[in-house]
Amino acid sequence: MKPVVQKIPSPVTRIRVGCPAHNCGGRCLLIAHVQDGRIIRLDSDDRPDSLAAPQLRACVRGRAYLRRQYHPDRLLTPLKRTGSRGSGQFQPISWEQALDILAGQILRVRERYGSAALFVPYGTGSYNQVNGSHVARRLMNLAGGCLDIYNSYSWAATNLATPTVYGTLVTGNQRQDWLNARYILMWGWNPAEMRDGTNSDYFIRLARQAGARVVCIDPRHSLSAASLADEWIAIRPGTDAAMMSAMAYVMLTEDLYDHEFVRTHCQGFDANQMPSPGEESYSDYLLGVRDGQPKTPDWAAEITGVPASTIARIAREYATTKPGVLYQGYGMQRRAYGEQVVRAGCVLAAMTANLGVPGGWASGLGLQAPDGGTLWTVFPTGENPVRASIPVFLWTEACLRGKSMTAADGVLGVERLDADIKLIYAVASNCLVNQHADINRTIPILQDESKVEFIAVQDQFMTSSARFADLVLPACTQFETWGVEDGWKYGDEVILQPKLVEPPGECRSDYQICAELADRLGVGPAFREGRDERAWVEFCLDEFRRLRFPELPTLDEFLDQNLGAWTRPAEKPAIAFEDFRRDPDAYPLNTPSGKIEIFSQQLQDRGNPTEIPPIPKYIPEWEGPMVTPKAYPLQALGHHSLHRVHSTHDNNDWLEEAFPQRVFINPLDAAVRGIHDGELVRVFNARGEMALPCRLSVRIMPGVVDIPQGAWYEPDENGCDQGGCVNVLTSARWTPFAFGSAQHTFNVEVERFGAGSQAGRAR
Ligand SMILES: Nc1nc2c(c(=O)[nH]1)N[C@H]1C(S)=C(S)[C@@H](COP(=O)(O)OP(=O)(O)OC[C@H]3O[C@@H](n4cnc5c(=O)[nH]c(N)nc54)[C@H](O)[C@@H]3O)O[C@H]1N2
Ligand SMILES: Nc1nc2c(c(=O)[nH]1)N[C@H]1C(S)=C(S)[C@@H](COP(=O)(O)OP(=O)(O)OC[C@H]3O[C@@H](n4cnc5c(=O)[nH]c(N)nc54)[C@H](O)[C@@H]3O)O[C@H]1N2
Ligand code: SF4
Ligand SMILES: [Mo]
C-alpha cells in the first residue's frame with residue numbers, strides 16, 4: 001500500500017491590524033489570519049470592551065475587505081496611455097520609464113508655467129499617515145511647491161459656517177456624554193450607515209437605552225431612523241433651515257427659549273443685542289418684521305412637507321426635554337445654501353442653552369472637546385513655497401480659468417492665480433471623474449490636452465479617473481505596506497497597520513513611489529530624512545505621543561504584544577464650552593464679539609445679504625421642485641451607503657450582493673410613471689442620464705429619489721451611465737460662502753426603459 005502523505009498545514013498567524021484607512025468615517029480594528037504569505041480571513045476586534053474604551057468593531061466593508069484585496073482587477077504594472085485620453089487604451093511600461101516620465105513632466109511644467117501649475121487634487125483613498133495624497137503633497141512641497149487646496153468635499157459649509165457662530169470647530173462633547181442626553185435630534189444624520197466615527201451609532205443606542213428620546217429627520221427612513229430612533233420625520237431635502245426657523249419661532253412666541261443665556265452669551269438675537277443698530281435681528285427675521293413673513297410652522301410646513309403640528313411639537317420637545325443633542329449630519333450642508341442650515345442649527349442649540357453642559361450639544365461641525373480630537377496628519381507635508389490655495393471643489397475652474405481666479409473664487413494667499421492647472425498628480429483620488437460633480441462637464445475638460453497637459457493617477461484599480469490619465473501607477477493596499485492612524489473624527493485611539501503581505505505584481509506603496517520621484521527631482525534625502533516606511537511609522541507614533549498621548553506604547557510594544565490599537569479611555573467625557581458657559585466674560589469665544597454670533601458682522605461685511613445673510617435664513621435652493629417643476633420634478637440625493645467608501649469597494653462583489661446599486665423611489669412616484677419594483681429605469685436631467693434598476697420603497701418620501709453615491713461611472717457608447725454614478729446628474733455649482741460642494745442639490749426625472757432593454761448595471 002502507498003503511504004499516505006499528509007501535508008502539514010502552515011501555521012496561521014493572527015495579527016491585529018487597522019482596517020485600511022480609507023475615508024470611510026471609521027477607524028476599526030481587524031484581526032488578519034495570515035497563512036503562507038496570504039490573508040485568509042478577517043475578524044474584528046476581540047479586545048475587552050468598555051464604555052470608556054469601546055472595542056473598534058469593524059463594519060461590513062472591513063469584514064468584506066479580502067474581496068477587494070485579492071480582486072482579479074488589481075492594477076499590477078505601470079501603464080502608459082496609447083489611445084486618446086479617456087479611451088482606456090494603455091500599454092504596460094517599467095517603473096524606470098514611468099518614474100522618468102512623471103518626473104520629467106513635473107520639471108517641464110514647472111519650467112514652462114511655474115510651480116502653481118502643478119496640482120495634487122483632493123484624494124481621500126488613504127488616510128493612513130505614511131501613504132496617500134498627503135505624501136505626494138510632501139513630495140511637491142519639497143521639490144518647489146504646487147497649487148494648494150483648502151477645505152473638503154465632505155463638510156465645506158459647516159467647516160466655515162461653524163466658526164462664524166462659535167469661533168471654533170470644537171463644538172462637540174466626547175461621545176460617551178450622549179448617555180447624559182434626554183433628547184437627541186438626529187438631523188440629516190445617519191451614523192448606522194455612514195460611519196461618523198467608529199461607535200457613534202453604538203453610543204446613540206446606549207443613550208436611548210438610558211432613556212433619551214431619539215428623533216431622526218431625513219427625507220429617507222434611513223437605517224438610523226429604523227434602528228436608532230423613536231420617530232422619523234420625513235423632510236423635503238434642502239428645506240431644513242425653514243423647519244429650524246419655525247422651531248425658533250415657536251420657542252420665541254411660546255417663550256420656551258432661555259432668556260438669560262441668550263442675554264449673557266449671544267449676539268444678534270433681538271434689537272438689544274445688535275452690533276450695528278438698524279440691522280435685522282434674528283427675532284425680526286422670525287417675526288417677519290422686515291419681510292412681512294412670520295416664520296410660523298404653517299409657513300414651514302408648506303416648504304418642508306412636515307406638518308405644522310409636528311414642527312411645533314418637536315420645537316417644544318427640544319426646548320423642554322433637557323439636556324438635548326441636535327446633531328447635524330453633513331449631507332444637508334453639501335447643498336445649495338449649506339451654510340444656513342449649519343448656522344440655524346447652532347442657533348437652536350444656543351436658544352435652548354444646550355451647550356457647555358453634560359448631555360447637551362452645540363451643533364455645528366462638532367469636533368471633539370477638549371482639543372478637537374484627531375490629529376489628521378502628523379506625517380510632515382512640508383512648507384509649500386507656493387502661497388496660492390483654492391477651495392478643493394473649484395479645481396475644474398483652475399483648469400479652465402486659473403489665471404483669472406481671485407478672492408471672488410475663494411483663492412487664498414495671492415490676489416490672483418498666476419497659472420492654470422497644467423499637471424495633475426492624483427494619488428488615492430477618484431475626484432477627477434467619479435466623485436466630482438457633473439461628470440459630463442468634467443470629461444471634456446480632462447480630454448482637452450491643451451488645458452491640463454499631463455495627468456498621472458496612482459491607484460489600485462482602473463477607476464474612471466485613472467481612465468483619463470496619461471500615466472497610471474499601481475499602488476499597494478494598506479495590508480501591503482506600513483501605516484499608522486488615529487481616529488476619523490472622534491475617538492482617542494491610535495491604530496497600527498503593520499505590513500502583512502507582499503504586494504501583487506509590481507505594485508509599490510505611495511511612499512515608495514514618491515520617494516523614487518523625489519530622487520529624480522533632486523530631493524530624495526530631504527524627502528526620506530533617512531527613514532523607510534516602518535521608521536516613518538515610528539516617527540508618527542512619536543508625534544502622537546508628543547502631541548496627544550504621552551502614554552502611547554512604542555512600535556516594539558505594539559508589535560510584541562500584538563496590540564493593533566491603543567485607546568486612551570474617556571473616563572470623564574469632556575464637555576465643549578464648559579468654561580464659556582460658566583463665565584462668558586472670563587472665557588470669551590474666539591468670535592469678534594466673544595459671544596455666540598447669531599448675527600455675524602463678518603458675514604454682513606461680505607456684502608451679499610441675499611446669499612450670505614448675517615443671520616441664518618432659509619433660502620430656497622437654486623434647483624428644486626419650485627424652480628424646475630416640469631422637466632425634472634423629483635428631488636434627488638446620493639447618500640453614503642454601506643456598500644462603499646465613496647467609490648472604493650464598488651467592485652466588491654460581496655457588498656454589491658448585499659447592497660445592490662439601485663435608484664430608490666416612492667411607490668406613489670413610481671405608480672404615476674408606470675414603474676414596477678426592480679425594473680430598469682432611466683434617471684436623467686439636463687446634465688446626464690443613467691440606466692439603473694429601481695427599488696420601490698415607502699422608506700423614501702414622495703417627490704424624492706436616492707441614488708447612493710460612489711458607484712463607478714460606466715458610460716455606454718451614447719454616454720448613458722450603466723454603473724449608477726450619481727455624479728452624471730449632480731451640479732458643479734458651489735455654495736456661496738464656503739465655495740463648497742453642493743452635490744446633494746439636484747433634480748431628476750425617472751422613466752421606464754424600453755421593454756426588454758439589456759442596459760443597466762449587470763453586476
Ligand atoms: N458607509 C459609509 N460611511 C461613510 C462614508 C462612506 O462613503 N460610506 N463617507 C464618510 C465621509 S468622507 C463623509 S464626509 C461622511 C458623510 O456623511 P453625510 O454627509 O452626513 O452623509 P450623507 O449620506 O450624504 O447624508 C446623511 C443623511 O442626510 C440625508 N440628507 C441628505 N440631504 C438632506 C437634507 O437636505 N435634509 C436632511 N434632513 N437630510 C438630508 C441623507 O438621506 C442621509 O441619510 O460619511 C462618512 N461615512
Ligand atoms: N454626488 C456626491 N459626490 C460626492 C459625495 C456625495 O455625497 N455625493 N461625497 C463627497 C465626499 S464627502 C468625499 S470625501 C469624496 C471622496 O472622494 P475620493 O477622495 O476620490 O474617494 P474615493 O472615491 O474613495 O477614491 C479614493 C481612491 O483611492 C484609491 N485608494 C485606496 N487606497 C489607496 C492607497 O493606499 N493608495 C492609493 N494610491 N490609492 C488608494 C481607491 O481605489 C479609490 O479609487 O467624494 C465626494 N463626492
Ligand atoms: S468603518 Fe471604515 S475602518 Fe471601520 S471596518 Fe468599516 S471600512 Fe474599515
Ligand atoms: Mo467626505
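1. Let's talk about the pairing of strand S12 (residues 324-328)
Then comes step 1: Among the 5 residues in S12, 5 count as buried, and that is most of the element.
Then comes step 2: The pairing of strand S8 (residues 183-187) with S12 spans 5 bridges and is parallel. Within S12, the residue paired with Leu185 across the bridge is Leu326.

2. Topic: a negative patch on the surface
Then comes step 1: A cluster of acidic side chains, namely Asp532, Glu538, Asp556, Glu557 and Asp560, defines a negative patch on the protein surface.
Then comes step 2: The partly exposed category is assigned to Glu538, whose relative accessible area is 33%.

3. A short note on the site of ligand 3
Then comes step 1: Near ligand 3 the following residues occur: Cys19, Cys24, Gly26, Arg27, Cys28, Ala58, Cys59, Arg61, Gly62 and Arg195.
Then comes step 2: In terms of residue class, the shell around ligand 3 is built from 5 nonpolar, 2 polar and 3 charged.

4. Quick word on the site of ligand 2
Then comes step 1: Close to ligand 2 lie 36 residues; Thr124, Asn430, Asp459, Ser647 and Thr648 are nearest.
Then comes step 2: Here a nitrogen atom of ligand 2 sits 3.5 Å away from a polar atom, N or O, in the main chain of Ala428.
Then comes step 3: One of the side-chain N or O atoms of Ser647 is found 2.6 Å from an oxygen atom in ligand 2.
Then comes step 4: Contact with the protein chains removes 98% of the 920 Å² of surface that ligand 2 exposes when unbound.
Then comes step 5: Of the residues contributing to the shell around ligand 2, the split by class is 9 nonpolar, 23 polar and 4 charged.
Then comes step 6: The residues that make up the shell around ligand 2 include at least three from each of domain 1 (79-153 + 389-483 + 504-551) and domain 3 (634-752).

5. Points about the layout of surface pockets
Then comes step 1: Estimates place the volume of the largest pocket at around 750 Å³.
Then comes step 2: Forming the walls of the largest pocket are 24 residues, and the residues nearest its centre are Tyr122, Tyr127, Asn151, Ser152 and Trp376.
Then comes step 3: Elements supplying a minimum of two residues to the lining of the largest pocket: helix H4 (133-142) and strand S7 (148-150).
Then comes step 4: In terms of residue count, the dominant contributor to the lining of the largest pocket is H4 (4 residues).
Then comes step 5: Its residues assigned to classes, the lining of the largest pocket comprises 8 nonpolar, 14 polar and 2 charged.
Then comes step 6: The volume enclosed by the second largest pocket comes to roughly 430 Å³.
Then comes step 7: Along its surface, the second largest pocket is lined by 23 residues, and Glu193, Arg220, Leu223, His639 and Phe664 are the ones closest to its centre.
Then comes step 8: Residues that form the lining of the second largest pocket fall into these classes: 9 nonpolar, 7 polar and 7 charged.
Then comes step 9: Built from parts of two domains, the lining of the second largest pocket gets at least three residues from each of domain 2 (157-371 + 589-604) and domain 3 (634-752).

6. Digging into the pairing of strand S17 (residues 483-486)
Then comes step 1: With burial as the criterion, each face of S17 is covered, one bearing Gly483 and Glu485 and the other bearing Val484 and Asp486.
Then comes step 2: Connecting S17 to the next strand, strand S18 (residues 493-497), in antiparallel fashion are 6 residues, including Gly491 with a positive phi near 105°.

7. Description of the pattern of salt bridges
Then comes step 1: Under the defined criterion, the tally for this structure stands at 48 salt bridges.
Then comes step 2: Across the pair Arg220 and Glu193 runs a salt bridge whose closest N-O atoms are separated by 3.7 Å. A residue pair is termed long-range when its members are at least 10 positions apart, and Arg220 in the loop between strand S9 (213-217) and helix H7 (223-228) and Glu193 in the loop between S8 and helix H6 (200-209) qualify at 27 residues.
Then comes step 3: For Arg220, a relative accessible area of 9% translates into the label buried.
Then comes step 4: A residue is classified by how much of its surface remains accessible, and Glu193, at 10% relative accessible area, is buried.
Then comes step 5: As a salt-bridge pair, Glu529 and Arg531 come within 2.8 Å of each other at their nearest N and O atoms.
Then comes step 6: A relative accessible area of 42% means that Glu529 is categorised as partly exposed.

8. What about the domain arrangement of the protein?
Then comes step 1: Domain boundaries in the protein define domain 1 (79-153 + 389-483 + 504-551), domain 2 (157-371 + 589-604) and domain 3 (634-752).
Then comes step 2: Between the C-alpha centres of domain 2 and domain 3 there is a distance of 29 Å.
Then comes step 3: Listed by partner, the interface residues are 29 residues for domain 2 and 22 residues for domain 3.
Then comes step 4: Between domain 2 and domain 3, the buried area comes to about 2,100 Å², and carbon and sulfur atoms account for 60% of it.
Then comes step 5: Among the residues of domain 2 in contact with domain 3, Arg220, Arg334 and Arg335 are the three that bury the most area, contributing 29% of the side total.
Then comes step 6: Applying the counting rule to domain 2 against domain 3 returns 1 salt bridge.
Then comes step 7: Across the salt bridge formed by Arg220 and Asp706, the nearest N and O atoms sit 4.0 Å from each other.
Then comes step 8: At the boundary of domain 2 with domain 3, the tally comes to 14 residue pairs in polar contact (both at pLDDT 80 or more).

Rules and cut-offs
- Residues numbered from 1 in each chain as written.
- Chains lettered and ligands numbered in written order.
- Predicted model: local features only at pLDDT ≥ 70, side-chain atom pairs only at ≥ 80, totals over all residues.
- Heavy atoms only, no water.
- Buried < 20%, exposed > 50% of the residue type's maximum accessible area, 1.4 Å probe, protein only.
- Helix = DSSP H or I, 4+ residues; strand = E, 2+ residues; numbered from the N terminus.
- Pairing = 2+ DSSP bridges.
- Patch = residues over 30% accessible without salt bridge, like charges linked within 9 Å, V, L, I, M, F, W, Y side chains within 5 Å.
- Areas by Shrake-Rupley, 256 points an atom, 1.4 Å probe, with all protein chains shown as cover.
- Salt bridge = Lys/Arg side-chain N within 4 Å of Asp/Glu carboxyl O.
- Lys, Arg positive; Asp, Glu negative; His and termini not counted.
- Charge placed at Lys NZ, Arg CZ, Asp CG, Glu CD.
- Near = heavy atom within 4 Å.
- Nonpolar A, V, L, I, M, F, W, Y, C, P; charged D, E, K, R; others polar.
- Polar contact = N/O pair within 3.5 Å; in protein donor to acceptor, adjacent residues only side chain to side chain.
- Domains from an automatic or database assignment.
- 1 Å grid on protein atoms, 1.4 Å probe; cavity = no way out; pocket = protein on both sides within 12 Å on 5 of 7 lines; lining within 4 Å.
- Points joined across faces, edges and corners; volume = space filled by probe spheres on them.
- Contact = heavy atoms within 4.5 Å.
- Buried area = accessible area lost by both parts, 1.4 Å probe.

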